[in-house]
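Fold and geometry: a report
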Amino acid sequence: MPPHLVQSLEHATFSNIEHQGIDFVQHSITPWLVRWEQAIIKDLLLEEEQDEYFPKFNVDGLLRGDYQSRMNGYSIAFSNGFMSPNEIRRLENMNPIPAEDGGDDYYLNGSYTKLKDAGSAYGK
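Residues numbered from 1 in each chain as written. Predicted model: local features only at pLDDT ≥ 70, side-chain atom pairs only at ≥ 80, totals over all residues. Heavy atoms only, no water.

In this section: the packing of aromatic side chains. Going through the model one piece at a time under the given rule, you end up with 3 aromatic pairs. With a centroid separation of 6.2 Å and 65° between ring planes, the pair formed by W36 and F57 is classed as edge-to-face. Of the two residues, W36 sits in helix α1 (residues 14-44) while F57 sits in the loop between α1 and α2 (67-79), which places them 21 residues apart along the sequence. For the pair F78 and Y107, a centre-to-centre distance of 5.3 Å together with 40° between the ring planes defines the contact as tilted. One end of the pair, F78, is in helix α2; the other, Y107, is in the segment after α3 (85-91), with 29 residues separating them in the sequence. Relative accessible area serves as the criterion here: at 22%, F78 is assigned to the partly exposed category. An aromatic cluster is present here, built from W32, W36 and F57 joined pairwise through their rings. Positioned above the aromatic ring of W32 is the side chain of R35, whose terminal nitrogen or guanidinium carbon lies 4.7 Å from the ring centre. (Phe/Tyr/Trp six-rings, centres within 6.5 Å; stacked < 30°, edge-to-face > 60°. Helix = DSSP H or I, 4+ residues; strand = E, 2+ residues; numbered from the N terminus. Buried < 20%, exposed > 50% of the residue type's maximum accessible area, 1.4 Å probe, protein only. Lys NZ or Arg CZ within 6 Å of the ring centre and 35° of its normal.)

Shown next as structure tokens:
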């Protein structure tokens, strides 16, 4: 158990608390979740269902990170064309931007051209 979860903050800093929390999820909680997922498959699903369904505990919220780190990551993802504004907004529990306003479009760094329009100014 990370000390900060039992209110032992004698040697705590913002940085090490975040990493202690991540370490706790990865090394303490996740092994148990994997065991439970396997038990659900084995004990609750019929044999013919085991290839179609799978349980998965979502710990993304526990691994979410601080605001600045998330925003930096989203900025990189957006400016390199592998996340749309609405994908980012979903992760932040925000309402989507209408598709006709570009919410589902992908952009490239620099001119923030839609990915599908890249090169069109050069006749490509």
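The next thing to look at is the confidence of the model for the protein. For the protein, per-residue confidence averages 88 on the pLDDT scale, and 94% of positions sit at 70 or higher. Of all the helices and strands in the protein, α1 carries the lowest mean pLDDT, 90, while α3 carries the highest, 96. (pLDDT = per-residue confidence, 0-100.)

This part takes up a nonpolar patch on the surface. Together, M1, L5 and V6 line one region of the surface with nonpolar side chains, adding up to about 330 Å² of accessible area. Of note, L5 is situated in the segment before α1. Judged by its relative accessible area of 44%, L5 falls in the partly exposed class. (Patch = residues over 30% accessible without salt bridge, like charges linked within 9 Å, V, L, I, M, F, W, Y side chains within 5 Å. Areas by Shrake-Rupley, 256 points an atom, 1.4 Å probe, with all protein chains shown as cover. Salt bridge = Lys/Arg side-chain N within 4 Å of Asp/Glu carboxyl O.)

So, about the environment of E18. Turning to its location among the elements, E18 is positioned in helix α1. Residue E18 is classed as partly exposed on the basis of its relative accessible area of 22%. Between the C-alpha atom of E18 and that of G65, which follows or precedes it by 47 residues, the distance is 7.1 Å. Among residues more than four places away in sequence, those in contact with E18 are G65 and D66. (Contact = heavy atoms within 4.5 Å.)

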